Amino acid sequence: MTDLSAFPINQKWPAQNPDVLQLYSLPTPNGVKVSIMLEETGLAYEPHLVRFDTNDQMSPEFLSLNPNNKIPAILDPHGPGDKPLPLFESGAILIYLAEKTGKLLPADPAARYQTIQWVMFQMGGIGPMFGQVGFFHKFAGKEFEDKRPRDRYISESRRLLSVLDQHLAGRDWIMGDEYTIADIATWPWVNNLINFYEAGDLVGIQDFANVKRVLKAFVERPAVVRGLSIPKRG
């Protein structure tokens, strides 16, 4: 059995089965990327809830794994060389898990890099911009009288949705016929924008038929249904 006692995070979230991958997360758009990926690949794992209401992400134990205090993070007891591997940043984790399992990342070099390209499109654009829409539409920012910041992020979110919608024309998934980590990175954020932030009308989601079509297919996948609620909130 793998010994994870050298990792402080194991003190706050003890591993029940230290031989399987440990996931430290919360069911947010970034968090569920990894739970969905794990459900899709069938890789054994143990989820641990990182509670924001008690500032778990700021605890010394969590910071020992991710000094940037963001979920998700993982600890794989069987990383490269069969040694434990701690890893943070959802995009990096998706690429790692795809390479570890040989799934959801094309083997063809050109298609592989194009898939990673769309993961980065989500990481650098869709996630940050949609998140700002949420802040200014649903959370503290909605109280601001000056709506120019909100409108700036709405405009940029619409632009990103347009890029995605045009790319999806004639395609089942972001990479065409093949479902990949690009989809797992992207669709939780689109889903969150519409259903949790309740900003579908604000960004004019009805204008993006291809986005709506592929999102529907995504949320109907059994692994996605499961992964969207992992870890279970306490």
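Residues numbered from 1 in each chain as written. Predicted model: local features only at pLDDT ≥ 70, side-chain atom pairs only at ≥ 80, totals over all residues. Heavy atoms only, no water.

**Points about the pattern of salt bridges**
Taken as a whole, this structure holds twelve salt bridges when the rule is applied. In this structure, K100 and D76 form a salt bridge, with 3.0 Å as the shortest nitrogen-oxygen distance. With K100 in helix α4 (residues 90–101) and D76 in strand β3 (residues 73–76), the pair connects residues that are 24 residues apart, well separated along the chain. K100 sits in the partly exposed class, given a relative accessible area of 33%. The exposure class of D76 is buried, given its relative accessible area of 2%. In this structure, D151 engages R150 in a salt bridge whose closest nitrogen and oxygen atoms are separated by 2.9 Å. (Salt bridge = Lys/Arg side-chain N within 4 Å of Asp/Glu carboxyl O. Helix = DSSP H or I, 4+ residues; strand = E, 2+ residues; numbered from the N terminus. Buried < 20%, exposed > 50% of the residue type's maximum accessible area, 1.4 Å probe, protein only.)

**Details of the packing of aromatic side chains**
In the structure shown here, the tally under the stated rule is twelve aromatic pairs. With a centroid separation of 6.3 Å and an interplanar angle of 75°, the aromatic rings of W13 and F62 are classed as edge-to-face. Residue W13 is found in the loop between α1 (9–12) and β1 (21–25), and its partner F62 is found in helix α3 (residues 60–65); the two are separated by 49 residues along the sequence. Take W13: its relative accessible area is 8%, and that puts it in the buried class. In this structure F62 comes out as buried when scored by relative accessible area, which is 0%. Joined through ring pairs, the aromatic side chains of F135, F136, F144 and Y153 make up one cluster. The lysine or arginine in question, R112, covers the ring of Y113, its NZ or CZ lying 5.5 Å from the ring centre. Above the face of the Y179 ring, R221 is positioned so that its terminal group lies 3.6 Å from the ring centre. (Phe/Tyr/Trp six-rings, centres within 6.5 Å; stacked < 30°, edge-to-face > 60°. Lys NZ or Arg CZ within 6 Å of the ring centre and 35° of its normal.)

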